[in-house]
Amino acid sequence: MYLRRLAASTRGFARPASSRAYATANGFTGAIGNTPLIRLRSLSEETGCNILGKAEFQNPGGSVKDRAALYVIRDAEEKGSLKPGGTVVEGTAGNTGIGLAHVCRSKGYKCVIYMPNTQSPEKIDLLRMLGADVRPVPAVAFENPENYNHQARRYAESIPNAVWTNQFDNTANTRAHYETTGPEIWSQTNGAVDGFVCSTGTGGTLAGVARYLREQAEKEGKKVENWLADPPGSVLYSYISSGGKLTERSGGSITEGIGQGRVTDNLGTEIGNISGALHIPDERSIEMLYRLLDEEGLYLGASSSLNVVAAVDLAKKLGPGKTIVTILCDGAYRYQTRLFSRAWLRSKGLENAIPQNLQKYIVL
Ligand code: PMP
């Protein structure tokens, strides 16, 4: 295997085994994965650690969820529940739907998406442009039968040759990350990863990557600390910190696609091995979003910047010299009419969370 050594500060890290730059991908699905691992220079210098972000926004559908979308569709094909010309139905905050809509177009399936009507207009427009039948529904709790997931399941059950891909509880989602994202991170760091942290929606990314890194480290007599990062309005931080007590959901966050009110089957596959949880307020996520743009030239969504805040916090916990990996889930393009709008930031009480020298980026 060809591994190219990098400069002093990242000594020991390697290029991915198959570099996107030189490989030919077979269609849309062949282009999913093998994303770069980006060293965030200013934050690495600030913490004395290597802070590395997995550039999932470089997937062909623009987010980490392309991987899960491919795996849940393949799973349905393999089980025979999805046949040529069939319909894929899913409940999603958007990114899984976008991934599914791309994969459906590339494989000739119809795609129906139920989504909470609180999500950004950019995601709804994009889904429609990708040919999906988008059905925005009121954002109600999972316990309510009108929740977007239950509506998706019922619709799939009501029409022939349709499958509800069930991203929250279908562990083909976790398998995507156990078989691809985790191994890529291990290979890109040559196994020199001390900590991994990310937020969860379905929990597939955290569970799959954490399990792979933990198992690899154990084989080599090493330890990786896997942490969960949580936005306001999610119950998982208090669930983990209290040793397993589920509380009512309350409050909300500007982040989209993350935060949970329950332990999904995907998260459940690994939550018992998670080292701890970090609660990240929106003020810190939005400030980091603007800092990453200003200092690193990275235009990222708010779950990515929340993840980076958590990586910095974990670096401080583990001490200098460590390598911490997180996920850069998607780009800001999907949310820009919100995240770069002064009126929107003001409506969320977040205008002043952006330092004076970064206010120039608020252009809408
Ligand atoms: N970030 C964004 C922007 C997302 O849309 C999602 C998935 N909804 C996640 C992070 C979380 O990924 P996962 O579902 O694997 O926990």
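In this text the structure is predicted, and so the values were computed from the model without any measurement.

Our focus in this paragraph is the site of the ligand. For the ligand, the set of nearby residues contains 19 residues, the closest of which are Asn95, Gly201, Thr205, Gly257 and Ser303. Mapped by element, the contributors of at least two residues to the shell around the ligand are α4 (95-107) and α8 (204-219). A per-class count over the shell around the ligand returns 4 nonpolar, 12 polar and 3 charged. Per-domain counts for the shell around the ligand show at least three residues from each of domain 1 (28-58 + 181-350) and domain 2 (64-164).

Below, the discussion takes up the sheet that holds strand β1 (residues 37-39). Spatial strand order, β1-β2-β10-β7-β8-β9: 6 strands in an open sheet with mixed pairing. Looking along the sheet, the strands with just one partner apiece sit at the ends: β1 and β9 (276-279). On average, each strand axis in the sheet is tilted by 30° relative to the strand beside it, whichever way the strands run. Taken together, the 3 bridges between β1 and strand β2 (residues 50-55) define a ladder with antiparallel strand orientation. Note that in β2 the partner of Leu37 across the bridge is Lys54.

As a further point, take the domain arrangement of the chain. In terms of domain boundaries, the chain breaks down into domain 1 (28-58 + 181-350) and domain 2 (64-164). On the side of domain 2, 18 residues touch domain 1, which itself brings 23 residues to the contact. Of all the secondary-structure elements, those providing two or more residues to the side of domain 1 that touches domain 2 are α1 (27-30), α8 and α13 (336-339). Per-element accounting of the side of domain 1 that touches domain 2 gives the leading share, 3 residues, to α13. Looking at the side of domain 1 that touches domain 2, its residues break down into 6 nonpolar, 10 polar and 7 charged.

What follows concerns the sheet that holds strand β5 (residues 133-137). Across the sheet, which stays open at both edges, the 4 strands sit in the order β5-β4-β3-β6 with parallel pairing between neighbours. One side of each edge strand has no neighbouring strand; the edge strands of this open sheet are β5 and β6 (162-164). Strand-to-strand twist in this sheet, taken as the mean axis angle between neighbours without regard to direction, amounts to 15°. Examined bridge by bridge, strand β4 (residues 110-116) and β5 share 5 bridges and lie parallel to one another. Pairing of Tyr114 across the sheet is with Arg135, part of β5.

What counts and how
- Residues numbered from 1 in each chain as written.
- Predicted model: local features only at pLDDT ≥ 70, side-chain atom pairs only at ≥ 80, totals over all residues.
- Near = placed C-beta within 6 Å.
- Helix = DSSP H or I, 4+ residues; strand = E, 2+ residues; numbered from the N terminus.
- Nonpolar A, V, L, I, M, F, W, Y, C, P; charged D, E, K, R; others polar.
- Domains from an automatic or database assignment.
- Pairing = 2+ DSSP bridges.
- Axes fitted to C-alpha atoms, helices over the stretch in contact; angles between N-to-C directions.
- Contact = placed C-beta atoms within 7 Å.

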